[in-house]
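# Architecture at a glance
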Number of protein chains: 2
Amino acid sequence: MAARKEKPAAPAELRTEVQEFKRRRILEEARELFFAHGYEATTLDAIAEALNVTKPFLYSYFRNKSEILNAICEIGITKSMQALDEALATKLAPPEKLRLIVDSVTTIIITNQKYIVVYTREEKNLEHKEAKYLIGLRRDFDQRLAKLLEEGAEAGDFDVEDSALTAVSISGLITWVANWFRPGRHVQTDVVSHTIRLVDRMVSKRPRR
Amino acid sequence: MAARKEKPAAPAELRTEVQEFKRRRILEEARELFFAHGYEATTLDAIAEALNVTKPFLYSYFRNKSEILNAICEIGITKSMQALDEALATKLAPPEKLRLIVDSVTTIIITNQKYIVVYTREEKNLEHKEAKYLIGLRRDFDQRLAKLLEEGAEAGDFDVEDSALTAVSISGLITWVANWFRPGRHVQTDVVSHTIRLVDRMVSKRPRR
């Protein structure tokens, strides 16, 4: 970013940035409305009004309300997959990879809490193809996590009885944070580090003190 | 039950049983319809039709659709609280109490899976008072579980860093089972015993082999 600031952004680049910003703002407002009133009760008019824009403006980014819901529901799992990719691409040993994954994904869940809650609530309103796609991504996440657990067990780092059940349990433990985390009552860094230690205990040969 | 069968049930008793049975059947059909089409899209007429009864029949059990949703959403947490009460009332040591709780509640989550999923999805459609009531029950469950963890830690049975965060994490791990359990693909008893062992690891001084 610092290097970029030395010269003004090229018009094409700036345009892309602005488009991404506008797209994100649409998703943020739609998320607030879906969270407060539900997907079915929220109209495109209401989203346009909240942003103080016209409906055609929305149509230049999303074909319909259904596409907005898709984009909202994809955020949590897409970011989690990126974090998983990045952690697995490191040269770290399995326990450190796992800690990095739990750290990143719990942080993603907390900072994207409302997106996750809307996904959980509105999954039934997704088109069948989109719902399947997201379930596939989540299954893929769990399978790759299970593979890491197996690798760690083979390397003698983990003590894991059933890698598939343990992986889906870890995913559940982390995802559920979106359900109970309250910004005023809980401290993000405490919850993240506590979750890392709980997951560590679930798979490690000896509990860490 | 065996003792009861020796003589015919008294009319008053039988009437209560039949009423409970009818009430449960209404909830089962409503749950199927809410699960498949969502609460908002499901009418009382559709519920009556699925049961092949009249709408006045439904009104003799529930004042409106909202009361049916309340009853559906209460099932999981009410049963879980009963299981918690029963386990805490035993003379068992904290680790055995905890295992009993995880065993019972995971079983409740699996056998009442669709009720839990409907609650998660439709929480926003609950009246404010009812939603608050259920959140209060869940918080109460977590607090009593946290207290058991503290008792076990004091007795030297558990190694728990933050009893409140650990309790809510255990609840999440168990509740999330409703989200991924698939009857054909997973075996209930395997999932229950695996969950017991994972929770055991989360709190025990030494992992059990």
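Just so it is clear, the model here is predicted, and its values are computed rather than measured. (Residues numbered from 1 in each chain as written. Chains lettered and ligands numbered in written order. Predicted model: local features only at pLDDT ≥ 70, side-chain atom pairs only at ≥ 80, totals over all residues. Heavy atoms only, no water.)

## Remarks on the interface of chain A and chain B
With 36 residues of chain A in contact, the opposing surface of chain B contributes 36 residues. Among the residues of chain A in contact with chain B, Lys124, Trp176 and Arg201 of chain A are the three that bury the most area, contributing 19% of the side total. In this structure, the connection of chain A to chain B is made through six salt bridges. Salt-bridge contacts for Arg201 of chain A lead to Asp159 of chain B; the nearest nitrogen and oxygen are separated by 2.7 Å. Here chain A is connected to chain B by 13 residue pairs in polar contact (both at pLDDT 80 or more). Looking at the side of chain A that touches chain B, the elements that each hand over two or more residues are α7 (113-122), α8 (128-154), α9 (163-175), α10 (177-180) and α11 (188-203) of chain A. Broken down by element, the side of chain A that touches chain B gets its largest block of residues, eight residues, from α11 of chain A. In terms of residue class, the side of chain A that touches chain B is built from 10 nonpolar, 10 polar and 16 charged. (Contact = heavy atoms within 4.5 Å. Buried area = accessible area lost by both parts, 1.4 Å probe. Salt bridge = Lys/Arg side-chain N within 4 Å of Asp/Glu carboxyl O. Polar contact = N/O pair within 3.5 Å; in protein donor to acceptor, adjacent residues only side chain to side chain. Helix = DSSP H or I, 4+ residues; strand = E, 2+ residues; numbered from the N terminus. Nonpolar A, V, L, I, M, F, W, Y, C, P; charged D, E, K, R; others polar.)

## Quick word on unusual backbone geometry
Residue and element names in this part refer to chain A. Even without a glycine there, the phi angle at Asn52 is positive, about 60 degrees. Mapped onto the fold, Asn52 is located in the loop between α3 (44-51) and α4 (55-59). According to the relative accessible area criterion, Asn52 is exposed, its value standing at 72%. (Buried < 20%, exposed > 50% of the residue type's maximum accessible area, 1.4 Å probe, protein only.)

## A short note on α8 of chain A
Residues and elements named next belong to chain A. For α8, with 27 residues, the first-to-last C-alpha span of 39 Å sits near the 39 Å given by 1.5 Å per residue. Within α8 the residues assigned to the buried category are Glu130, Ala131, Leu134, Leu137, Phe141, Asp142, Leu145, Ala146, Leu148, Leu149 and Gly152. Taken together, the buried residues of α8 touch α5 (65-88), α6 (94-111), α7, α9 and α11. Looking one or two residues past α8, Gly156 carries a phi angle of roughly 85 degrees, positive in sign. (Expected span 1.5 Å × (residues − 1).)

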